[in-house]
Amino acid sequence: MDEQPRLMHSHGVGMAGHPGLAQHMQDGTAGTDGEGRKQDIGDILQQIMTITDQSLDEAQARKHALNCHRMKPALFNVLCEIKEKTVLSIRGAQEEEPPDPQLMRLDNMLLAEGVAGPEKGGGSAAAAAAAAATGGVGADNSAEHSDYRAKLTQIRQIYHTELEKYEQACNEFTTHVMNLLREQSRTRPISPKEIERMVGIIHRKFSSIQMQLKQSTCEAVMILRSRFLDARRKRRNFNKQATEILNEYFYSHLSNPYPSEEAKEELAKKCSITVSQGGTLTVTVSNWFGNKRIRYKKNIGKFQEEANMYAARTAVNATSVSAHGSQANSPSTPNSAGELIPDQLYSSLFLYQSRYRQKPRRSPT
DNA sequence: GATGATGATTTGCT
DNA sequence: AGCAAATCATCATC
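About the cut-offs
Residues numbered from 1 in each chain as written. Chains lettered and ligands numbered in written order. Predicted model: local features only at pLDDT ≥ 70, side-chain atom pairs only at ≥ 80, totals over all residues. Heavy atoms only, no water. UniProt positions renumbered as here; feature names shortened; annotations may be inferred. Helix = DSSP H or I, 4+ residues; strand = E, 2+ residues; numbered from the N terminus. Contact = heavy atoms within 4.5 Å. Expected span 1.5 Å × (residues − 1). Buried < 20%, exposed > 50% of the residue type's maximum accessible area, 1.4 Å probe, protein only. Phe/Tyr/Trp six-rings, centres within 6.5 Å; stacked < 30°, edge-to-face > 60°. Axes fitted to C-alpha atoms, helices over the stretch in contact; angles between N-to-C directions. Parallel < 35°, antiparallel > 145°, perpendicular 65-115°, else oblique. Nonpolar A, V, L, I, M, F, W, Y, C, P; charged D, E, K, R; others polar. Core = buried A, V, L, I, M, F, W, Y, C linked by side-chain atoms within 4.5 Å. pLDDT = per-residue confidence, 0-100.

- Going by what an unreviewed UniProt entry lists, chain A is known as Pre-B-cell leukemia transcription factor 1 and is assigned to Sparus aurata.
- Note on chain A: under the UniProt heading Subcellular location (unreviewed entry), the record states "Nucleus".

Some details on the environment of Leu75
Phase 1: Position of Leu75 among the secondary structure elements: in helix α5 (residues 72-91).
Phase 2: Residue contacts for Leu75: discarding those within four places in its chain leaves Ile44 and Leu45.

Section: helix α10 (residues 240-252)
For an α-helix, the turn length of 3.6 residues means that residues three or four places apart are oriented alike.
Phase 1: The first and last C-alpha atoms of α10 sit 18 Å apart over 13 residues, in line with the 18 Å expected at 1.5 Å per residue.
Phase 2: All buried positions along α10 are accounted for by Ala242, Ile245, Leu246, Asn247, Tyr249, Phe250 and Tyr251.

Some details on the packing of aromatic side chains
Phase 1: Under the definition given, this model contains ten aromatic pairs.
Phase 2: Aromatic pair Phe250 and Tyr296: ring centres 5.6 Å apart, planes at 70 degrees, arrangement edge-to-face. Here Tyr296 lies in helix α12 (residues 281-298) and Phe250 lies in helix α10, a separation of 46 residues in the sequence. No difference in accessibility class separates Phe250 from Tyr296, as the two residues are buried.
Phase 3: Ring geometry for Tyr296 and Phe303: centres 5.9 Å apart, planes at 50 degrees, overall tilted.

Things to note about the packing of helix α11 (residues 261-270) against α12
Phase 1: The contact between α11 and α12 brings their axes to 9 Å, and the two run at 100 degrees. Taken together, the axes of α11 and α12 lie roughly perpendicular to each other. Where α11 approaches α12, its residues Glu261, Lys264, Glu265, Leu267 and Ala268 are matched on the opposing element by Leu281, Thr282, Val285, Ser286 and Phe289.
Phase 2: By residue class, the composition of the contact of α11 with α12 is five nonpolar, two polar and three charged.

Some remarks on the nonpolar core
Phase 1: Residues Leu246, Phe250, Tyr251, Leu267, Val285, Phe289 and Tyr296 are the most contacted members of the largest nonpolar core, which totals 21 residues.
Phase 2: Looking at this core, the elements with two or more residues in it are α10, α11, α12 and α13 (300-322).
Phase 3: Here this core gets six residues from one element, more than from any other, and that element is α10.
Phase 4: Discounting chain neighbours no more than four positions away, the residues touching Leu246 are Phe238, Leu267, Cys271, Val285, Trp288 and Phe289.
Phase 5: Within the second largest apolar cluster, eleven residues are counted, among which are Leu106, Ile155, Leu163 and Leu213.

Overview of the confidence of the model for chain A
Phase 1: Per-residue confidence for chain A gives a mean pLDDT of 71; residues scoring 70 or more make up 61%.
Phase 2: Residue range residues 121-141 is modelled with pLDDT below 50. Its contacts to residues more than four positions away, or to other chains, number 25 contacts.
Phase 3: Confidence drops under a pLDDT of 50 for residues 357-365, and excluding neighbours within four residues, the segment shows eight contacts in the predicted structure.

Set out below in structure tokens:
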């Protein structure tokens, strides 16, 4: 069979645009069965058009018949040419997709939470990371942590099995489609690029499904996190002693209630704050002072009694230390008139300063 | 369970 | 970076 090479040679000769077909048509015994040839081509085209309407076996047989048809190479060439012309216009629509920021965010989060990425002892890495994020919580809630770990591992497992399932399905489908296209490429021209494009489309579809999985996994992790590890949920009021120490500092520094970093550390130590929610111990102290300042300022009247009490206490302490307790005032009943004045002065100074505030000065130690 | 207290977080400013 | 202010979310009390 030397038909194919001959057809290729004829390119550009004969019937414009359809050289192969033209050659073929001129091949036959001239004139008499030209009509018959036309009929033949019409039949073939009809068969191709209706091939999808037939049953599988029927179509298979028809396909085989078409493949063996002597006109097939010629038709194929024609299709190739038409394709080449149309593909040129399609090629422009090739988009280079940038990495989806949403997907990247999800990936990063899953990685950070230890759901994606390498498994390290059943998600303990994630728990450790979470613990670090919340400031290295002590042993008081280790039971909750193990609960959290277990649940996270569960999520992790579901995520991975689902992801694997999707990946497998994607691969199966891709190979299936590729086989189909290869099979079809025997009857119609399909460039490797087209197959590539189709694979790309399939992958995009599947990755959008994967994204949904990632999204819901992220949501599940967030819920779990907020349920077990959110600092706000873990909020514990300070004990009485800690509050007293902090209040003592606050009211004795009412003119400038901005403890330095060192003072904060000192206070944290004194208050034996173990549940450091925010990050470092001093952050908790900072939070307290921040809240105290704003709430004091908002409603001085409400805090007046408290202010008087602490002012009196420090005053008593001071006198008892400096003057060897010679002024025998009862500690529980302070001289109200004597203590109120400096206190009010302090508070007005604080309020004044809050407008024209300066950086808190560092303690000399 | 309604409400105020309170520790933590967020937002915006300097 | 550190703060004020607003806000959130839980705790504690009744």
